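In case you want the letters, here they are:
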Amino acid sequence: MRIGFFDSGIGGMTVLHQAMRYLPNEDYIFYADTLHVPYGEKTKEEVREYIFDAVDFIAEQGVKAIVIACNTATSIAVEDLRKKYDFPILGIEPAVKPAIQNCEGKQKKVLVLATNLTLKEEKFHTLVKSLDHHDIVESLPLPGLVELAEKFEFREEIVVPYLREKLGSLDLEQYGTIVLGCTHFPYFENSIKKLFPEEVDIISGSMGTAKNLRRILKARNQMNDGTGDIVYFKSGFKVEDKETLSNYKKLMVRLDELARDKVKIITPQS
Ligand code: DGL
């Protein structure tokens, strides 16, 4: 059986890419709810409905686990989804814990970049409250990056000015760790890196989620002998047109390149 990956758009592919490094012999379904992206700018109630529709659809295809490869959707629905289905449902959340650990003893702060909805949600505030004993965690919504990613617009000359405008009022020297708390953001890692001091670390929760997925499948004796095949769906329809499939392939190549460029990889602890 396949493993389902779900996001509002192409962001979830950053998590799928990571999972495929740990589980190359699995086969996958990737579902992007492109009809309703961006989730981060909608109400919680609206987004909840979209999530349940999408996950119902993926479950109907027959999967052994589903990864909610979206921080926004995880914060809104992961607990209720787990009550509904009898297979494992994994989520992703901003990697606040390793980010704080990484700043310990450095007199540096943590900056969490995510969607508006993730940062507004109770789940995020509870997480920060339980870990941030020295008041070093700050956050900033960057909805424009979701929009750019969905247009496959990654050029630095477009992305960097947007980031400069958003980050302009902050003293960027004070940060030791940047948390990519939205799965669309890793595509922009190089542009983000450009704005911060050289020694800043950029982390996301995707490695933690990928490792967790492998651990769960192993424990359930459900590891596969597949080929890493991916079937793509967009809001209930199978993606078959060549242009979209070729764009998806290019995204995977981009993620391969970014992974190669990475100087330092930090593993989230939880
Ligand atoms: N990729 C999603 C996340 O990780 C949300 C992007 C959006 O639809 O606003 O939060």
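Refer to the structure presented above.
Residues numbered from 1 in each chain as written. Predicted model: local features only at pLDDT ≥ 70, side-chain atom pairs only at ≥ 80, totals over all residues. Heavy atoms only, no water.

Caption draft 1: Structural detail: the packing of helix H1 (residues 12-22) against helix H10 (residues 206-219). In the contact formed by H1 and H10, the axes pass within 9 Å of each other and the chain directions differ by 45°. Regarding the angle of H1 to H10, the classification is oblique. In the crossing of H1 with H10, the sense of the turn from one axis to the other is right-handed. Of H10, the residues touching H1 (which contributes Thr14, Val15, Gln18, Ala19 and Tyr22) are Ser206, Met207, Thr209, Ala210, Lys211, Leu213 and Arg214. Grouping the constituent residues of the contact of H1 with H10 by class yields 6 nonpolar, 4 polar and 2 charged. (Axes fitted to C-alpha atoms, helices over the stretch in contact; angles between N-to-C directions. Helix = DSSP H or I, 4+ residues; strand = E, 2+ residues; numbered from the N terminus. Parallel < 35°, antiparallel > 145°, perpendicular 65-115°, else oblique. Left-handed = near helix turned anticlockwise from the far one by under 90°. Contact = heavy atoms within 4.5 Å. Nonpolar A, V, L, I, M, F, W, Y, C, P; charged D, E, K, R; others polar.)

Caption draft 2: A look at the pairing of strand S2 (residues 28-32). Here S2 lies mainly inside the structure; 5 of its 5 residues are buried. Both faces of S2 are covered, namely the face carrying Tyr28, Phe30 and Ala32 and the face carrying Ile29 and Tyr31. Relative to S2, strand S1 (residues 2-7) runs parallel, the two sharing 5 bridges. Counted as the bridge partner of Asp7 is Ala32 from S2. (Buried < 20%, exposed > 50% of the residue type's maximum accessible area, 1.4 Å probe, protein only. Pairing = 2+ DSSP bridges.)

Caption draft 3: Structural view of the packing of aromatic side chains. Considering all chains together, one arrives at 12 aromatic pairs under this definition. These aromatic residues form a ring-pair network of at least three members: Phe6, Tyr31, Tyr39, Tyr50, Phe57 and Phe233. (Phe/Tyr/Trp six-rings, centres within 6.5 Å; stacked < 30°, edge-to-face > 60°.)

Caption draft 4: Geometry of the environment of Lys211. Tracing the chain through its elements places Lys211 in helix H10. When the C-alpha positions of Lys211 and Ala259 are compared, they lie 16 Å apart, and in sequence the two are 48 residues distant.

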